[in-house]
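# Chain and residue survey
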Amino acid sequence: MNAIAEFSQEERQVLSDMVRRFIESEVAPHYEQWERDEIMPRGIWNKLGEAGFLCADIPVEYGGAGGNFDMCMLLNEEFIRPGYGSLGGNMGVHSDIVAPYILNHGTEEQKQHYLPKMVSGDCVGAIAMTEPGAGSDLQGVRTTAKKDGDEWVINGSKTFITNGQHAGMVITVARTDPDAPGSRGLSLFLVDTDKPGFSRGRNLEKLGLHAADTSELFYEDVRVPESALLGELNKGFIILMTELPRERLSLAVGAVAAMQGALGMTADYVNERQAFGAPLSKLQNTRFRMADMQTEYRLNRAFINECMELFNTGALDAPTASMAKLATTEAQCRVVDGCLQLFGGYGYMKEYPISRMYADARIQRIYGGTSEIMRELVARAVLDG
Ligand SMILES: Cc1cc2nc3c(=O)[nH]c(=O)nc-3n(C[C@H](O)[C@H](O)[C@H](O)COP(=O)(O)OP(=O)(O)OC[C@H]3O[C@@H](n4cnc5c(N)ncnc54)[C@H](O)[C@@H]3O)c2cc1C
């Protein structure tokens, strides 16, 4: 079934207009303050839920709108294109990573319990893989879950966790078989953040995405019931691998949206700003740079459209998703840098959104798998058969 066909141009327009109105009233007037506060207010999640912007593809029986992936990506783009990357990124983790894990791998009880409150914004979702000694290489995971009667006892720590401060539930990667080699003995647990022994560390200070909370998390004898296990025991790594194409594609979609937004802002600016008696847009350098960057954007957009079609037919493989993340996020950083250059000194000022887009772009080449790891995955498919 091709989900894109079910989401008409008219419906897309209605949804885009709803998001624009929401941004005008609920986001734009406050966003700079949130960036200064280095966190958004918890209440924004409920407002997003009321507006129907969270977990848009969750089926109706779990409280969702029963939409599709295309709808989720449209929402992703509408928040990221105008430069609200912190909000778009945090929503992406909640709606496009955490909720699908539960939908695709959870028991009926887990879906009934978590999905309706994720749709409403009553429960914010996070996923905790990374640890101080385990980032690109998840073989280094030290957090453990040990069976004690009919409970699991979790000990360890995580870092760099998006939504860490606001999360009500964290999908936690823990080692359940200490004897299994590498990444084999890992399992996933749905950990409610009100459990005794769970604590949040600092809200980490970052180069960009200031309004997005990113945290250390600590687990000290956190007891969860058997029913908190997500998917099969010791199959955590396989589940992570299964879900990565969607995660990488959604980061890639955000990258093209950011490029598009930056190019639009820059076109407006260079048509206005005067130098040597004419708008900057009359200078050959400006014209050629804009032409090159627009071409780079369009090439990436075309590839993303292909990947969306593949995803919607269940045919997006891991190497292709890695190529999409690699190509688009590297292009995003080049294009946003080129756009900032055309703003001159104003581009470096915080009051111009292009400066924020520049700072926000940098992480795209690191999280969700670094560009180097993407190259490695693509190379394996190309060279090792
Ligand atoms: C803002 C932010 C939000 C994040 N959100 C989350 C989250 O919600 N949940 C979560 O679990 N994690 C999250 N992360 C963590 C993120 O996914 C990791 O930072 C990332 O995977 C890289 O791991 P690392 O930082 O340990 O770097 P390392 O793995 O130590 O890598 C350091 C360098 O070595 C390179 N390298 C490593 N291995 C290879 C290799 N085999 N070949 C070539 N080069 C290699 C890397 O590409 C990189 O350049 C977040 C990080 C940030 C900064």
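Residues numbered from 1 in each chain as written. Predicted model: local features only at pLDDT ≥ 70, side-chain atom pairs only at ≥ 80, totals over all residues.

## Quick look at unusual backbone geometry
We note that glutamate 38 has phi near 60°; this positive angle belongs to a residue other than glycine. By the secondary structure assignment, glutamate 38 is in the loop between helix H2 (31-37) and helix H3 (43-50). Glutamate 38 gets classed as partly exposed once you count the C-beta atoms within 10 Å, which come to 18. Of note in the backbone geometry, asparagine 234 takes a positive phi value of approximately 65° without being a glycine. Inspection of the secondary structure assignment puts asparagine 234 in the loop between strand E8 (229-230) and helix H7 (236-272). Its 15 C-beta neighbours within 10 Å are what place asparagine 234 among the partly exposed residues. (Helix = DSSP H or I, 4+ residues; strand = E, 2+ residues; numbered from the N terminus. Buried ≥ 20, exposed ≤ 12 C-beta atoms within 10 Å, placed from the backbone.)

## Some words on the domain arrangement of the chain
When cut into domains, the chain gives domain 1 (3-123), domain 2 (127-234) and domain 3 (237-383). Computed over C-alpha atoms only, the centres of domain 1 and domain 3 are separated by 21 Å. The partner domain 3 presents 19 residues to the 19 residues of domain 1 that form the contact. Those elements that provide at least two residues to the side of domain 1 that touches domain 3 are helix H4 (69-80) and helix H5 (85-105). The greatest single-element share of the side of domain 1 that touches domain 3, amounting to eight residues, is contributed by H5. Of the residues belonging to the side of domain 1 that touches domain 3, the class tally is nine nonpolar, six polar and four charged. (Domains from an automatic or database assignment. Contact = placed C-beta atoms within 7 Å. Nonpolar A, V, L, I, M, F, W, Y, C, P; charged D, E, K, R; others polar.)

## Observations concerning the pairing of strand E7 (residues 214-225)
Note that strand E3 (residues 151-162) and E7 share nine bridges and pair antiparallel. Bridge assignment links isoleucine 154 to a residue of E7, and that residue is valine 222. (Pairing = 2+ DSSP bridges.)

## Observations regarding the packing of helix H9 (residues 318-343) against helix H11 (residues 371-383)
As a packed pair, H9 and H11 sit with axes 9 Å apart at the nearest point and diverge in direction by 140°. One finds that H9 runs oblique with respect to H11. Remark: the crossing between H9 and H11 carries left-handed chirality. Residues Ala318, Pro319, Ser322, Met323, Lys325, Leu326, Thr329 and Glu330 of H9 form the contact with H11, whose own contacting residues are Ser371, Met374, Arg375, Leu377, Val378 and Ala381. Partitioned by chemical class, the residues of the contact of H9 with H11 number eight nonpolar, three polar and three charged. (Axes fitted to C-alpha atoms, helices over the stretch in contact; angles between N-to-C directions. Parallel < 35°, antiparallel > 145°, perpendicular 65-115°, else oblique. Left-handed = near helix turned anticlockwise from the far one by under 90°.)

## Concerning the pairing of strand E4 (residues 169-175)
Counting buried positions over the seven residues of E4 gives seven, a clear majority of the element. Across the two faces of E4 the burial is the same, with Met169, Ile171, Val173 and Arg175 and Val170, Thr172 and Ala174 all buried. In this structure, strand E1 (residues 125-128) lies alongside E4, joined through four bridges in parallel fashion. From the neighbouring strand, alanine 126 faces E4, where its bridge partner is valine 170. Across seven bridges, E4 lies against strand E5 (residues 186-192) in antiparallel orientation.

## Some points on the site of the ligand
Looking at the ligand, there are 20 residues lining it, with Met129, Gly135, Ser136, Thr370 and Glu372 nearest. Listing elements by their share of the shell around the ligand, those giving two or more residues are E1, E3 and H11. Across the shell around the ligand, the residue classes tally to 11 nonpolar, six polar and three charged. Of the residues that make up the shell around the ligand, three or more belong to each of domain 2 (127-234) and domain 3 (237-383). (Near = placed C-beta within 6 Å.)

## Brief notes about the nonpolar core
Core analysis: the largest hydrophobic core is formed by 111 residues, its most contacted members being Phe189, Val191 and Val336. Per-element tally for this core: the top contributor is H7, with 16 residues. Contacts of valine 191, omitting those with residues within four sequence positions, involve Ile154, Met169, Val170, Thr172, Phe198, Val222, Val224 and Ala228. (Core = buried A, V, L, I, M, F, W, Y, C linked by C-beta atoms within 7 Å.)

## Here's the deal with H3
Within H3 the residues assigned to the buried category are Trp45, Leu48 and Gly49. The buried residues of H3 occupy an angular sector of 100° when the element is viewed end-on, so they sit on one face. Across H3 from its buried face, at more than 90 degrees, point the exposed residues Gly43 and Glu50. Of the surrounding secondary structure, the elements contacted by the buried residues of H3 are H5 and helix H6 (108-120). Immediately beyond the C-terminal end of H3, within one or two residues, lies glycine 52, with a positive phi of roughly 85°. (Arc of directions from axis to C-beta.)

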